[in-house]
Structures are given as structure tokens and as C-alpha cells.
Amino acid sequence: MFRRRTGGLASGTVVAEPVAALELDGVSRAFGEGVRALEDVTLRIPAGRFVAVMGRSGSGKSTLLQCAAGLDRPTSGTVRIGGRDLSGLNEATLTRVRRDRVGFVFQALNLVPSLTVLENAGLPLLLAGQEGPWEDEALRALTAVGLAGRAGDSPARLSGGQQQRVALARALVTEPAVVFADEPTGALDPVTAAEVLALLRAAVDERGRTVVMVTHDPAAAQWADEAVFLHEGRLVGRVERPEAEHVREVLRELGGTAGSGRWNRSGHRNGS
Ligand SMILES: Nc1ncnc2c1ncn2[C@@H]1O[C@H](COP(=O)(O)OP(=O)(O)OP(=O)(O)O)[C@@H](O)[C@H]1O
């Protein structure tokens, strides 16, 4: 899908620019009078990209994810998913957009214990009242995460990492444009975390999905194409092909230099 954009070139020239998977334009979110959780965040994520959202505790990461995913409404600014502006949508339409275009993975697994692994993976299809063989699609999603053999089990019989893989299958079963993941590896040991991150990476590389993942963990950020950094609700830096040590350094600097603006938008130090 392409949107026509004018400007920059000779007047009247029209440039076809791919519509971003996710676009935030001047997004702010305040809670009550005093708390400005997000402040004028502008971010454009092309399709087929894996982005890690990082920052110190309280910097606004979860609020960003909630606003970007249409789970919360910004106080001002616009959010577009696949070019669709969420701001004017009523709750019913917003719910449909979320169902059709977005997948979610959270640290808390939110699997339904009374359903089988297969039913959990297929839950978005069941809830959407999909006609036809939802089981086939759920099984395909489970196969992609290596758990087809456990389809008939109760989630309680799976390990934490396996349960997170079911949650990932559930997030991918509708083939969403964007997968939002909030600390998806926060409760996992490093080896199991790497398995889940590899699956997210494969969803991007092999299926063309877009992944936006909040994480505290520099090792997890390494799996992303880009890390973006929040500080006190503002987007203060972006790093391409983030390496864990570099990410640690940026986080250390953000901890000590509140709002110093030393990181420009491409993740390089200002002046360097
Ligand atoms: N529902 C809410 N009501 C009031 N304040 C809120 C609410 N949600 C978030 N905040 C505040 O907004 C700010 C950003 O919170 P947010 O949860 O987005 O940060 P975070 O970077 O995800 O933190 P953490 O890494 O600790 O999860 C914090 O000051 C938080 O207290």
C-alpha cells in the first residue's frame, strides 16, 4: 500500500512512499494534572522491521506500546497502523482494527487455563467467530513455534518458555501487520528467552511481520533491527543494529543525565 506524498522535489512532483506499519505523530499521554507519561513522540516504523523500545523504569515504554496498539488513547497526537488513523475510531471499530491488524504478547502469559493449547493459540479466531477450520490455522501457528505436538495439552502442563511460545502463536495466528510485545522474555531464563526472541525474529524475516518490543534487557534488544530510547516520556535516541554493550552504555547515560539531549535521533551522540 502506498500513500502519495508531495513536497521536497520540484513543485507538483508526487512521490510514492510505502505506508508505514506504525506511525506515531506528536503523541503525548498525560495522566491527571501532573504525570506526562509520553511527550510529543514521533516515530515511523516501516513494515518488516523489529524495533526494541527501551528506557529506564517509568520512562513511558508501556504507555507508548499501549497507545501505539490502540489499547489506550493519546491525550494528543495521532497513531496510524497500516496507514489507518486510530484517533477518530469508536470503540467497536478500534476493537476490530486491533483484532485484524495487531497481535499482543505480554510478560504475563494470559493463557486461558481451561482451554487446550490449540484453543489458546486459536483464541483470536474463535473470538472473531471465524467460520471454517480455525483449528488448521491454530495448528499452523503452533507448528511455527514448535509446539504442534502439545496441541491437546492444558497450558498448565507446559514450561514457562513453552507457554510464552503458545502466547506467540496466538499473537501470530491472525497474521497481524504489527506484533506488540511487552517484556515478552522478562520471566524467562536466557536460553528460553533466546528461543522466543528467535521466533519473533523469524516472524519478521520469514513472514514480513513488524515487531515492536518493550524490553529492559540489552541482550534481548540485540535481536532487533533498531532500538529506540525513551527518557521521561520523550524519544531521545535511536540505535541501528543495537549491540548489547552499546545499549547498556546508552541506558547508563540516560540514568545519569536526565533529559540532557545528548542522544540525537539516529542514536549518535550529538556533536559526534
Ligand atoms: N494509569 C496510569 N495512571 C497514572 N500514571 C500512570 C499510569 N500509567 C502509567 N503512569 C505513569 O506514567 C509514567 C510512565 O509509565 P510506564 O508504565 O509507561 O513506564 P515504563 O517505562 O513502562 O516503566 P517500567 O519499565 O517500570 O514498566 C510513570 O510515571 C507512571 O507512573
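Data block above holds the structure.
Heads up: these notes are all about the structure in this document. This structure is a prediction, so every number in the text was calculated from the model and none was measured.

Take the sheet that holds strand 3 (residues 22-31) next. In spatial order, the strands read 4-3-6-7; together these four strands make up an open sheet with antiparallel pairing. Because the sheet does not close on itself, it has two edges, and the strands there are strand 4 (35-45) and strand 7 (84-85). Across seven bridges, the pairing between strand 3 and strand 4 is antiparallel. Pairing of Arg29 across the sheet is with Leu38, part of strand 4.

Our next topic: the site of the ligand. The full set of residues close to the ligand is Phe31, Val35, Ala37, Gly55, Ser57, Gly58, Ser59, Gly60, Lys61, Ser62 and Thr63. Among the elements of the structure, strand 4 and helix 1 (61-68) are those that each provide at least two residues to the shell around the ligand. If you tally residues by element for the shell around the ligand, the top one is helix 1, at three residues. Across the shell around the ligand, the residue classes break down as three nonpolar, seven polar and one charged.

A word on the packing of helix 6 (residues 160-172) against helix 7 (residues 190-207). The interhelical angle for the contact between helix 6 and helix 7, taken along N-to-C directions, is 15°, at an axis separation of 9 Å. What the angle tells us is that helix 6 and helix 7 run roughly parallel. Pair helix 6 / helix 7 crosses with right-handed handedness. In this structure, helix 6 contributes Gly160, Gly161, Gln164, Arg165, Leu168 and Leu172 to the contact, and helix 7 contributes Thr192, Glu195, Val196, Leu199 and Ala203.

What follows deals with the sheet that holds strand 10 (residues 210-214). If you trace the six strands from one edge of the open sheet to the other, you get 8-9-10-5-11-12, paired in mixed fashion. One side of each edge strand has no neighbouring strand; the edge strands of this open sheet are strand 8 (102-106) and strand 12 (234-240). When the angles between neighbouring strand axes are averaged without regard to direction, this sheet yields 20°. Packed onto the sheet, helix 1 meets strand 5 (50-55), strand 9 (178-182), strand 10 and strand 11 (226-231) and runs at close to 150° relative to strand 10. Seen against the sheet, helix 6 touches strand 8 and strand 9 and runs at an angle of roughly 165° to strand 8.

So, how was this worked out
- Residues numbered from 1 in each chain as written.
- Predicted model: local features only at pLDDT ≥ 70, side-chain atom pairs only at ≥ 80, totals over all residues.
- Pairing = 2+ DSSP bridges.
- Helix = DSSP H or I, 4+ residues; strand = E, 2+ residues; numbered from the N terminus.
- Near = placed C-beta within 6 Å.
- Nonpolar A, V, L, I, M, F, W, Y, C, P; charged D, E, K, R; others polar.
- Axes fitted to C-alpha atoms, helices over the stretch in contact; angles between N-to-C directions.
- Parallel < 35°, antiparallel > 145°, perpendicular 65-115°, else oblique.
- Left-handed = near helix turned anticlockwise from the far one by under 90°.
- Contact = placed C-beta atoms within 7 Å.

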